[in-house]
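The chain contents come next:
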Amino acid sequence: MSVLPLVFTSGWASGINAYAVVLLLGLFGATGLTDAVPGSLQRTDVLVVAGVLFLCEAVADKIPYVDSAWDTAHTVIRPVAAAVVAALLAGGSGSLPELAAGAVGGSTALMSHLVKAGTRMAVNTSPEPFSNVGVSVLEDLGVAGIITFAVFHPVAAAVVAGVLLLLGLLVLVFLASRIRRFLRRRARRREERRPAGAGGPWPHG
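Predicted, not measured: the structure shown is a model, and the values here were computed from it.

### Quick look at a nonpolar patch on the surface
- A surface patch of nonpolar side chains, amounting to about 930 Å² of accessible area, comprises Phe149, Val155, Val159, Val160, Val163, Leu164, Leu166, Leu167, Leu170 and Phe174.
- Broken down by element, the nonpolar patch gets its largest block of residues, nine residues, from helix H7 (residues 154–174).
- Here Leu166 shows up in helix H7.
- Assessed through its relative accessible area of 52%, Leu166 is described here as exposed.

### Here's the deal with a positive patch on the surface
- On the surface, Arg180, Arg181, Arg184 and Arg188 cluster together into a patch of positive charge.
- By relative accessible area, Arg181 is classed as partly exposed at 37%.

### Looking at the nonpolar core
- Ranked by size, the top nonpolar core spans 29 residues in total, and within it Trp12, Ala13, Leu25, Val143 and Ile147 carry the most contacts.
- Those elements giving two or more residues to this core turn out to be helix H1 (4–30), helix H2 (44–60), helix H4 (77–93), helix H6 (130–152) and H7.
- For Ile147, the contacting residues outside a window of four places in its chain are Ser10, Ala13, Val21, Leu24, Leu25 and Phe28.
- If you look at the next biggest cluster of nonpolar residues, it comprises seven residues, including Val115, Met121, Ile179 and Phe182.

### Remarks on the packing of helix H5 (residues 98–123) against H7
- Direction vectors running N to C along H5 and H7 enclose 40°, while the axes themselves pass 9 Å from each other. When the interaxial angle is binned, H5 and H7 end up oblique. Our pair here, H5 against H7, has a crossing hand that is left-handed. Contacts between H5 and H7 involve Thr108, Met111, Ser112, Leu114, Val115, Gly118 and Thr119 on the former and, on the latter, Leu165, Gly168, Leu169 and Leu172.

### A few points about the layout of surface pockets
- Space inside the largest pocket adds up to approximately 420 Å³.
- Lining the largest pocket are 15 residues, with Trp12, Ile16, Val115, Glu139 and Leu164 positioned closest to its centre.

### Focus: the side chain of Asp67
- Tracing the backbone shows Asp67 in helix H3 (residues 66–73).
- The exposure class of Asp67 is buried, given its relative accessible area of 0%.
- Reaching out from Asp67, the side chain makes a polar contact with the backbone nitrogen of Tyr65 at a distance of 3.1 Å.
- Those residues in contact with Asp67 that sit more than four places away from it in its chain are Ala60, Asp61, Arg120, Asn124 and Asn132.

What counts, and at which threshold
- Residues numbered from 1 in each chain as written.
- Predicted model: local features only at pLDDT ≥ 70, side-chain atom pairs only at ≥ 80, totals over all residues.
- Heavy atoms only, no water.
- Patch = residues over 30% accessible without salt bridge, like charges linked within 9 Å, V, L, I, M, F, W, Y side chains within 5 Å.
- Areas by Shrake-Rupley, 256 points an atom, 1.4 Å probe, with all protein chains shown as cover.
- Salt bridge = Lys/Arg side-chain N within 4 Å of Asp/Glu carboxyl O.
- Helix = DSSP H or I, 4+ residues; strand = E, 2+ residues; numbered from the N terminus.
- Buried < 20%, exposed > 50% of the residue type's maximum accessible area, 1.4 Å probe, protein only.
- Lys, Arg positive; Asp, Glu negative; His and termini not counted.
- Charge placed at Lys NZ, Arg CZ, Asp CG, Glu CD.
- Core = buried A, V, L, I, M, F, W, Y, C linked by side-chain atoms within 4.5 Å.
- Contact = heavy atoms within 4.5 Å.
- Axes fitted to C-alpha atoms, helices over the stretch in contact; angles between N-to-C directions.
- Parallel < 35°, antiparallel > 145°, perpendicular 65-115°, else oblique.
- Left-handed = near helix turned anticlockwise from the far one by under 90°.
- 1 Å grid on protein atoms, 1.4 Å probe; cavity = no way out; pocket = protein on both sides within 12 Å on 5 of 7 lines; lining within 4 Å.
- Points joined across faces, edges and corners; volume = space filled by probe spheres on them.
- Polar contact = N/O pair within 3.5 Å; in protein donor to acceptor, adjacent residues only side chain to side chain.

In structure tokens, the structure reads:
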């Protein structure tokens, strides 16, 4: 069970930015700061790909509406990435079955992702773009901080991640009305972009 706190924390962080989690864990392992990271995450090709994708996410995540489209595309990617990372962490230590670790990491990432995506929908209802940048920067710093903390203090980091996940779910409930407003606005934009006459009734012959 010793690897479970790191699995849970990495799952929470992966729901926000899976590429940052892979990159940070790989770098910590490659530099010898921790022995908990398996060699497969320390490979140069994995680190390069994770770094490039992290940079792409860092840009997309700060642009209004683009961030929500990016989140939608990553609804499957983030939980799957978290499950893979969790299984690798468990396989490296041998203290937790890989399937159980994957389930913990993937389900935690899915909940964290839903909180992130829902919060961004609410933020996108504001007319100015600066809130997106601010929220994105806070998320990046939070992921970096929690993963670094988890490498050296996994149990304490898991407690913090659990509290943040719970608070995020509560905030999501309070933001439900703004999220519905975002969805209605996006639906209207799709209708406005639809060509005239598209989807209308067939003309009578």
